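# Reading the structure
Residue-level listing of the chains:
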Amino acid sequence: MSKTAKKYVIYISILVIVTAIAVYFVLKQDPKAVISAMTNCNPWWMVAAIGVLISVYLVEGAILTILAKMYKRDFPYYKGVLNTMIGVFFSGITPSNSGGQFAQAYTFSKQGIKITNAASVLFMHFILYQSVLVLFGGAVMIFKFDEMRALTAVIPLFGVNFDIITLSLVGFAINVIVIVGLFFLAFSKKLHHFLVNYGIGFLAKIHIVKNKDEQVLKLNTKVETFRIELKRLLQNWGVLITVSALFLIKMILGS
């Protein structure tokens, strides 16, 4: 067995062990209730649920593989699936799902993709995911609005009860603003320079941001990276359409 194969065996073994420990703690809380629910449910529905979950991971693996092939033509599909599983695992064990992308970037570097290119892959992943999410959410709002409005559940936030439709509209509006803002930044250098220079300058004046010049440089670099990756995507229509379709499939499976 090669060293690479041994590493993957070790990584998978660690994931299996940690998963087993997590299952143990879940069962430890109320094992009778969990076992009762599992034994009384329809086994075919359980198989279907597991199948859908696996399908989501396989589709996400295909997305990462297609994007990675833009930088490494011989990048294999199984590595994309493995990278997906690692991202899901680290997102699950870190606060606010913050560790997933860092772990994926590191994994890409170990899979033969430069760390800078790995960051680009994840950046394109973010751009396309957010874009498809906005379109998918818009379609749901249009075609399923009456069903959403019929939901009566409320969610308390900061001492105020919000209904689901209100929170859904707010979340959708925020996503739209983010995507539109990013595209404006990518295509308008004047807006880019205005927001970066004056925005950071204002935050520096009210002592929220320190080292103004350093922060301006970092933000300029990030915006330029976004502009480059967006242009790369728009020049690869095959990748753009295929990955967008896969994201749509993933959202349908996960909904």
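This section reports on the structure supplied with the text. Everything quoted here is computed from the prediction, not taken from an experiment.

### Notes on a nonpolar patch on the surface
- Residues Met-38, Met-46, Ile-50, Ile-54, Leu-58 and Tyr-77 make up a contiguous nonpolar surface patch of about 530 Å² in total accessible area.
- The element that contributes the greatest number of residues to the nonpolar patch is helix H3 (residues 43-68), accounting for four residues.
- With respect to the helices and strands, Tyr-77 occurs in helix H4 (residues 77-93).

### As for the packing of H3 against helix H11 (residues 237-254)
- At their nearest, the axes of H3 and H11 sit 9 Å apart, and the two run at 165° to each other. Overall, the two elements H3 and H11 adopt an arrangement that is roughly antiparallel. Regarding H3 and H11, the two cross each other, and that crossing is left-handed. In this structure, H3 uses Val-52, Ser-55, Val-56, Val-59, Glu-60, Ala-62, Ile-63, Ile-66 and Leu-67 to contact H11, whose residues at the interface are Val-239, Thr-242, Val-243, Leu-246, Phe-247, Ile-249, Lys-250, Leu-253 and Gly-254.
- When the residues that make up the contact of H3 with H11 are grouped by side-chain class, the tally is 13 nonpolar, three polar and two charged.

### Description of a positive patch on the surface
- A cluster of basic side chains, namely Lys-3, Lys-6, Lys-7 and Lys-110, defines a positive patch on the protein surface.
- Broken down by element, the positive patch gets its largest block of residues, three residues, from helix H1 (residues 3-29).
- Here Lys-110 is to be found in helix H5 (residues 100-110).

Scoring rules and cut-offs
Residues numbered from 1 in each chain as written. Predicted model: local features only at pLDDT ≥ 70, side-chain atom pairs only at ≥ 80, totals over all residues. Heavy atoms only, no water. Patch = residues over 30% accessible without salt bridge, like charges linked within 9 Å, V, L, I, M, F, W, Y side chains within 5 Å. Areas by Shrake-Rupley, 256 points an atom, 1.4 Å probe, with all protein chains shown as cover. Salt bridge = Lys/Arg side-chain N within 4 Å of Asp/Glu carboxyl O. Helix = DSSP H or I, 4+ residues; strand = E, 2+ residues; numbered from the N terminus. Axes fitted to C-alpha atoms, helices over the stretch in contact; angles between N-to-C directions. Parallel < 35°, antiparallel > 145°, perpendicular 65-115°, else oblique. Left-handed = near helix turned anticlockwise from the far one by under 90°. Contact = heavy atoms within 4.5 Å. Nonpolar A, V, L, I, M, F, W, Y, C, P; charged D, E, K, R; others polar. Lys, Arg positive; Asp, Glu negative; His and termini not counted. Charge placed at Lys NZ, Arg CZ, Asp CG, Glu CD.

By themselves, these are just geometric observations and shouldn't be taken as functional.
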